[in-house]
Protein chains: 2
Amino acid sequence: MPSLQKATHGQTRTYNSRLVLRTIYDHAPISRADVARTTGLTRTSVSDLVAELLELGIALEIGRGPSSGGKAPILLTVADDSRHLIGVDLGESQFSAAIVNLRGEIRRSVSLPRDGSDGDQAVQLVYRLIDQLVGDHDGPLVGIGIGTPGIIDTATGTVRWAVNLNWRDLNLGQLVRDRFDVPVYVANDSQAAALAEYIFGTDRQATNMVVIKVGLGIGAGLILNGELFLGDGFGAGEIGHTTVVPGGELCRCGRRGCLETVASARAILERATAGALADPASMLGRAMSQSGRLTIEDIAEAAEAGDDPARAVVNEAGRSLGRSIASLIGALDVHRIALIGAASGLGEPWLDAIRGEARDGALSLIARPTAIELGQVDPARAVLLGASAVLLTRELGLMPAR
Amino acid sequence: MPSLQKATHGQTRTYNSRLVLRTIYDHAPISRADVARTTGLTRTSVSDLVAELLELGIALEIGRGPSSGGKAPILLTVADDSRHLIGVDLGESQFSAAIVNLRGEIRRSVSLPRDGSDGDQAVQLVYRLIDQLVGDHDGPLVGIGIGTPGIIDTATGTVRWAVNLNWRDLNLGQLVRDRFDVPVYVANDSQAAALAEYIFGTDRQATNMVVIKVGLGIGAGLILNGELFLGDGFGAGEIGHTTVVPGGELCRCGRRGCLETVASARAILERATAGALADPASMLGRAMSQSGRLTIEDIAEAAEAGDDPARAVVNEAGRSLGRSIASLIGALDVHRIALIGAASGLGEPWLDAIRGEARDGALSLIARPTAIELGQVDPARAVLLGASAVLLTRELGLMPAR
């Protein structure tokens, strides 16, 4: 619903300045005249606003374009590295962070092993990580975007609950803001990764997209009408803790039979290990006895080669996830679903099981046009790119594209 | 994302005229000076635009308000019956329609029994229904809003698929538009009813709301960020055809084990009948032998009185629906769920079963704050009010409130 208030002069200037910056960013190299044409602003306003952006160093003149009769126009671009952001990914086994420029390009990255730290220890680890990047960085920093597991109140930056980090009502945003004195944005990791997939992984033709992260846990990010949908309590996409096996296995959330207990990478590894021990002569059994433990790659390889225990595990996990995806498709009628996270290493046999069940489990008119694919963004970077992209949009009004 | 184009003068005038009309509509009685203050437009612009609305007869002067020193200001209001809309509800057993005014008040209504008609016969029935209202109506008609079961392309008014009406790719919107020569809006009935529940049934504090219609079929309407969410293929909310019992009973959609086969009013009636026949001494059995068939009221009464077969049926249906609601809650984290349709006559025992399962089936931090309640809008009017409300917003920029 449009606001009933007319914009004030100051708001208009800020809005127009962002509009000019975004037009240069999206169409560079571009002349002042073309900026005026594209935005509908007067030549004088554009000249004023561009002068300001040049002075701030965020826009640049980069020579002259072809003349269309008169004097060849000066072309403008955005100085991609005139401002940087820090993106942070609080992963299950390591915390990583990177310096990102205005185009979402990674300039430097660091990571620290988590070693099971949680509570205040984990907060200290976040500080150490960011310290390493801030220490020898100079130039203006737009802010810090953090992707973390858990239910996050993005309005205040509070982690309401993150099971594995043992954080409850922790105002991580405020802590990091106080320490580094820049704007901080905290997001759920699956939601941040979904945004990265939406921005960097597709041609952005889709207006709706569901990105499901199947790692040690399972969580989804919903892009609805081109925006991340958070729900009333910021928990939208927490599909990993929906009951799929009533009275089933104990989940780390304290309940039983959650989707995570049957379809996460953790569940797959546990079940494959049990399968390997039960059938030592199988390909899975031999891989197990060789290295003492199984990886997702071992399981993928064995399933691909037709090994029975591997096939059974991959098939069962894929089908459970497929049934949950069918309910999502039935509820949202979204035509693009991307799968990311460790389990996506299981490849085609896993995808086949998911697709079969997802398409059988919802009305064909709705399910048929839905594409279920692996994500396209480098998983090591998705969360931190997504978290910093939100900050870029919020602070400067820019949205990077692939 | 804001448009990159500056508004043209004509667009601005139309926008401002709607803004003024809506301000009068929302705040009536109101003076021109207060319209100017609320909208931020100049007094001169407001006077011009109000003059136009008075001439069109859509706004009215209704006397003078209290003076704040000078001359007492003239107060304005909207002439609620200066324009009418027609709302249509293509129900399972009857088609009904009503003349609705600018406040969503019903002025006259008619209905015709459906008698199982489908295909072209059903289209003819729609015409006859609207003919009856249009015949002796005079005054300007804003348009016709139609709520129908099925998957509806609301952009073109095409019924892509309505199982029970045997309509496939029927451009109902165009047909009705050609015949009555007014704007026509066609919506899915559950989606229209959801909108009515959102607009007329609550205080509109909620930004998100899921309204589930459990009648002979099951469908939901999703209000996300204050708007009806339709999905990529207009099928959002089609939860009735999500598989909940793999390999279960045959559904009328041609697949097996859909939610409708276990939780719809149809399934409840069938199961209760079977229960009554199996236990003729039960309260349900006696009701059955008395009247030859059971109604939802019979089942509600028996369940309320603690009758075993009735309890079992109500409990099972409620729990199945509750599990589906749990997945919705997990996926969307929406804090308001309203239940409408015939099955809502089952009352508390049914609600208890739904609530229990819905809360157990999703992460407590997400499920706990979710209110699951019966809808508040008269079910006989919800669909046609919802369909006409969309038209009211689209054609005149107005949104009625309770």
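Residues numbered from 1 in each chain as written. Chains lettered and ligands numbered in written order. Predicted model: local features only at pLDDT ≥ 70, side-chain atom pairs only at ≥ 80, totals over all residues. Heavy atoms only, no water.

Engineer: Give me the overall build of chain A: which residues, what numbers.
Structural biologist: A count of helical and extended segments in chain A gives 14 helices and 16 strands. Computed over its C-alpha atoms, the radius of gyration of chain A comes to 24 Å, within 12% of the 21 Å expected for a compact globule of 402 residues. The proportion of buried residues among the 402 residues of chain A is 57%. Excluding contacts between residues fewer than 6 apart, the proportion of contacts in chain A whose partners are at least 24 apart in sequence is 59%. For chain A, the exposed area adds up to about 16500 Å²; of that, 49% sits on carbon and sulfur atoms. (Helix = DSSP H or I, 4+ residues; strand = E, 2+ residues; numbered from the N terminus. Rg over C-alpha atoms; globule rule 2.2 N^0.38 Å. Buried < 20%, exposed > 50% of the residue type's maximum accessible area, 1.4 Å probe, protein only. Contact = heavy atoms within 4.5 Å. Areas by Shrake-Rupley, 256 points an atom, 1.4 Å probe, with all protein chains shown as cover.)

Engineer: Outline helix H8 (residues 265-278) of chain A, supporting the account with residue identities and numerical values.
Structural biologist: One full turn of an α-helix is made of 3.6 residues, so residues set three or four places apart face in the same direction. The terminal C-alpha atoms of H8(A), which comprises 14 residues, lie 20 Å apart, in line with the 20 Å expected from a rise of 1.5 Å per residue. For H8(A), the secondary structure elements touched by its buried residues are strand S12 (209-214), helix H7 (259-263), helix H9 (283-291), helix H10 (296-304), helix H11 (308-332) and helix H12 (347-360) of chain A. (Expected span 1.5 Å × (residues − 1).)

Engineer: So what's going on with the nonpolar core? Residues and values would help.
Structural biologist: Core analysis: the biggest nonpolar cluster contains 112 residues, and A:Ile212 and B:Ile212 have the highest contact counts within it. Residue contacts for B:Ile212: discarding those within four places in its chain leaves B:Ile218, B:Gly219, B:Ala220, B:Ile239, B:Leu321, B:Ile325, B:Leu328, B:Ile337, B:Ala338, B:Leu339 and B:Ile340. (Core = buried A, V, L, I, M, F, W, Y, C linked by side-chain atoms within 4.5 Å.)

Engineer: Can you explain the interface of chain A and chain B? Please cite residues and give values.
Structural biologist: On the chain B side, the residues contacting the 55 residues of chain A number 54 residues. For the pair chain A and chain B, the two sides together bury roughly 4500 Å², of which 58% comes from carbon and sulfur. There are 0 salt bridges connecting chain A and chain B. Summed over the shared surface of chain A and chain B, the number is 18 residue pairs in polar contact (both at pLDDT 80 or more). Going through the elements one at a time, helix H1 (9-27), helix H2 (32-39), strand S9 (158-162), strand S13 (218-224), H11 and helix H13 (364-367) of chain A are the ones with two or more residues in the side of chain A that touches chain B. In the side of chain A that touches chain B, the residues fall into 25 nonpolar, 21 polar and 9 charged. (Buried area = accessible area lost by both parts, 1.4 Å probe. Salt bridge = Lys/Arg side-chain N within 4 Å of Asp/Glu carboxyl O. Polar contact = N/O pair within 3.5 Å; in protein donor to acceptor, adjacent residues only side chain to side chain. Nonpolar A, V, L, I, M, F, W, Y, C, P; charged D, E, K, R; others polar.)

Engineer: Account for the sheet that holds strand S1 (residues 30-31) of chain A, with residues named and values stated.
Structural biologist: Residues and elements named next belong to chain A. Ordered by their spatial adjacency, 3 strands build an open sheet running S1-S3-S2, and the pairing between neighbours is antiparallel. The two strands at the open ends of the sheet, each matched to only one other strand, are S1 and strand S2 (59-64). Contacting S2 and strand S3 (74-78), helix H3 (residues 43-55) runs over the sheet at an angle of about 105° to S2. (Pairing = 2+ DSSP bridges. Axes fitted to C-alpha atoms, helices over the stretch in contact; angles between N-to-C directions.)

Engineer: Outline the environment of A:Ala371, listing residues and values.
Structural biologist: Residues and elements named next belong to chain A. Within the element layout of this structure, Ala371 appears in strand S16 (residues 371-374). Distance in space between the C-alpha atoms of Ala371 and Ala33 is 42 Å, their sequence separation being 338 residues. Ignoring sequence-local partners within four residues, the contact set of Ala371 consists of His335, Arg336, Ile337 and Arg359.

Engineer: Tell me what's going on with the relation of the copies chain A and chain B, and back it up with residues and numbers.
Structural biologist: Between chain A and chain B, the superposition needs a rotation of 180° and an axial shift of 0.0 Å, giving an RMSD of 0.0 Å. As the rotation angle and translation indicate, the two copies are arranged about a two-fold axis. The fraction of interface residues of chain A whose copies in chain B are also interface residues reaches 98%, indicating that both copies meet through the same surface. (Least-squares fit on C-alpha atoms with pLDDT ≥ 70 in both.)

Engineer: Please give an account of the packing of helix H6 (residues 189-200) of chain B against helix H14 (residues 379-396) of chain B that cites residues and values.
Structural biologist: All names here are of chain B. Axis separation between H6 and H14 bottoms out at 7 Å; the angle between their running directions is 80°. Looking at the two axes, H6 sits roughly perpendicular to H14. Touching Asp189, Ala192, Ala193, Leu195, Ala196, Ile199 and Phe200 of H6 are Ala382, Val383, Leu385, Gly386, Ala387, Ala389 and Val390, all from H14. (Parallel < 35°, antiparallel > 145°, perpendicular 65-115°, else oblique.)

Engineer: Talk me through the pattern of salt bridges; I want residue IDs and the actual numbers.
Structural biologist: Opposite charge on two side chains allows them to pair when their charged atoms are near. Applying the stated criterion across every chain, the model contains 40 salt bridges over all chains. Close ionic contact of B:Arg107 with B:Glu105 constitutes a salt bridge, the shortest N to O distance being 3.3 Å. For B:Arg107, a relative accessible area of 43% gives the class partly exposed. Several salt bridges converge on common partners, so that one network encompasses A:Glu92, A:Arg252, A:Glu260 and A:Arg266.

Engineer: Quick rundown of the sheet that holds strand S12 (residues 209-214) of chain B? Include the residues and the values.
Structural biologist: Residues and elements named next belong to chain B. The sheet built from 5 strands is open, its strands ordered S14-S13-S12-S15-S16 with mixed pairing. Each edge of the open sheet carries a strand with a single partner, namely strand S14 (227-229) and strand S16 (371-374). Looking at each pair of strands side by side, their axes are set apart by 25° on average, direction ignored. Judged from the 6 bridges that link them, S12 and strand S13 (residues 218-224) form a sheet pairing that is antiparallel. Across the sheet, residue Val214 finds its bridge partner in S13, namely Ile218. In this fold H6 packs onto S12, S13, S14 and strand S15 (336-340), with an angle of close to 50° to the strand it touches most, S13. Contacting S12, S15 and S16, helix H12 (residues 347-360) crosses the sheet at an angle of about 160° to S16.

Engineer: Residue-level account of the pairing of S13(B), with values.
Structural biologist: Each regular strand shows side chains that alternate between the opposite faces of the sheet. All names here are of chain B. When you tally the buried positions in S13, you get 7 out of 7 residues, the bulk of the element. Alternating residues of S13 divide into Ile218, Ala220, Leu222 and Leu224 and Gly219, Gly221 and Ile223, and every residue in both groups is buried. From the end of S12 to the start of S13, which pair antiparallel, there are 3 residues. Pairing geometry for S13 and S14, over 3 bridges, is antiparallel. Directly across from Leu222, in S14, lies its bridge partner Phe229. Turn length for the S13-S14 hairpin, with the two strands adjacent in sequence and antiparallel, is 2 residues, and the turn residue Asn225 shows positive phi of about 50°.

Engineer: How would you summarise the side chain of B:Ser82 if you had to cite specific residues and measurements?
Structural biologist: Position of B:Ser82 among the secondary structure elements: in the loop between strand S3 (74-78) and strand S4 (84-90). A distance of 2.8 Å separates a polar side-chain atom of B:Ser82 from the backbone oxygen of B:Ala79.

Engineer: Which residues make up the side chain of A:Asn101, and what values do they have?
Structural biologist: Residue and element names in this part refer to chain A. Following the sequence through the fold, Asn101 ends up in strand S5 (residues 94-101). For Asn101, a relative accessible area of 0% translates into the label buried. Within the structure, the side chain of Asn101 is placed 2.8 Å from the backbone nitrogen of Arg103, a separation counted as a polar contact. Polar contacts involving the side chain of Asn101 include one to the side chain of Glu105, which spans 2.8 Å.

Engineer: Could you give me a rundown of the state of the cysteines, with the residues and numbers involved?
Structural biologist: Considering all chains together, one arrives at 0 disulfides over all chains under this definition. Of all cysteine sulfurs, the one in B:Cys253 lies closest to B:Cys258, which takes part in no disulfide; the gap is 3.8 Å. (Disulfide = S-S within 2.5 Å.)

Engineer: So what's going on with the pairing of S3(A)? Residues and values would help.
Structural biologist: Residues and elements named next belong to chain A. For S3, the tally of buried residues reaches 4 of 5 residues, placing the bulk of the element in the interior. With 4 bridges connecting them, S2 and S3 associate as antiparallel partners. From the neighbouring strand, Leu60 faces S3, where its bridge partner is Thr77.

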